[in-house]
Amino acid sequence: MDQDKSDIVNRQDIDVLMEKFYEKMMVAPFIGYIFTHYANVDLEKHLPVISDFWVTVLFQNPVYKRGPEAMNVHLDLHKVIPFRKQHFTRWLYLFHSTIDEMFEGETATKAKTRSQSIARLIQERIGTLPDCREM
């Protein structure tokens, strides 16, 4: 384990991770325009919500209050600007590399694993991957 890195241990760690990740994401070639030109993400509003999501996912602390309708945001956006497999690959690369730059440990690994599951679920829902239940 890198002596300069610790694991993700609390909400503050997630807040810093999300800030750094979205800082990269918003300007990233091939994907940033989706967030800036189509989704019109307002980071001031979005970052606390997405941090709530990750606190819920990683620490089983149910602070994220949105339900299944949150998936509809992605499905609706896909109708406007179709997501491709490469978009998910880039999103995962940026997410994982941001984690790796800042953290190391069990929860950091869990965040990467969960992000892969989330990407797969969204891809299944929008039809860029076959539904694993149909395989």
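Residues numbered from 1 in each chain as written. Predicted model: local features only at pLDDT ≥ 70, side-chain atom pairs only at ≥ 80, totals over all residues. Heavy atoms only, no water.

Colleague: How do you make sense of unusual backbone geometry when you look at a structure like this?
Modeller: The general pattern is negative phi for most residues beyond glycine and trans for most peptide bonds. Although it is not a glycine, phenylalanine 30 sits at a positive phi angle of roughly 80 degrees. For phenylalanine 30, a relative accessible area of 42% translates into the label partly exposed. In this structure, glutamine 60 is a non-glycine residue whose phi angle is positive, near 50 degrees. One can find glutamine 60 in the loop between helix H3 (43-59) and helix H4 (69-80). (Buried < 20%, exposed > 50% of the residue type's maximum accessible area, 1.4 Å probe, protein only. Helix = DSSP H or I, 4+ residues; strand = E, 2+ residues; numbered from the N terminus.)

Colleague: Sorry if this is basic, but what is going on with the nonpolar core here?
Modeller: A general tendency of soluble globular proteins is for nonpolar side chains to be buried together. One finds Met18, Ile31, Phe35, Trp54 and Trp91 to be the most contacted residues of the largest nonpolar core, which totals 35 residues. Going through the elements one at a time, helix H1 (11-25), helix H2 (32-38), H3, H4, helix H5 (85-102) and helix H6 (106-126) are the ones with two or more residues in this core. Phenylalanine 35 has contacts with Tyr22, Met25, Met26, Asn40, Val41 and Trp91, leaving out every residue within four places of it along the chain. (Core = buried A, V, L, I, M, F, W, Y, C linked by side-chain atoms within 4.5 Å. Contact = heavy atoms within 4.5 Å.)

Colleague: Looking at this structure, how should I read H3?
Modeller: Helical geometry: 3.6 residues make up each α-helical turn, so side chains three or four residues apart lie on a common side. Across its 17 residues, H3 extends 23 Å between first and last C-alpha, which sits within 8% of the 24 Å expected from 1.5 Å per residue. A distance of 3.1 Å separates the backbone nitrogen of glutamate 44 from a side-chain oxygen at the start of H3, and that oxygen is part of aspartate 42. Following H3 by one or two positions, glutamine 60 has its phi on the positive side, about 50 degrees. (Expected span 1.5 Å × (residues − 1). Polar contact = N/O pair within 3.5 Å; in protein donor to acceptor, adjacent residues only side chain to side chain.)

Colleague: Honestly, the packing of aromatic side chains in this entry has me stumped. Any pointers?
Modeller: Note on aromatic pairs: each is described by the distance of the centres and the angle between the planes. All told, the structure shown has 10 aromatic pairs when counted by the stated rule. Judged by centre distance (6.1 Å) and plane angle (85 degrees), the ring pair of phenylalanine 21 and tryptophan 91 falls under edge-to-face. Within this pair, whereas phenylalanine 21 is found in helix H1, its partner tryptophan 91 is found in helix H5, the two being separated by 70 residues in sequence. Like phenylalanine 21, the residue tryptophan 91 is buried in the burial classification. A ring pair is formed by tryptophan 54 and phenylalanine 95, whose centres lie 5.1 Å apart and whose planes are at 25 degrees; its orientation type is stacked. Of this pair, tryptophan 54 sits in helix H3 while phenylalanine 95 sits in helix H5, and the two are 41 residues apart along the sequence. Residue classification places tryptophan 54 among the buried positions, given a relative accessible area of 3%. (Phe/Tyr/Trp six-rings, centres within 6.5 Å; stacked < 30°, edge-to-face > 60°.)

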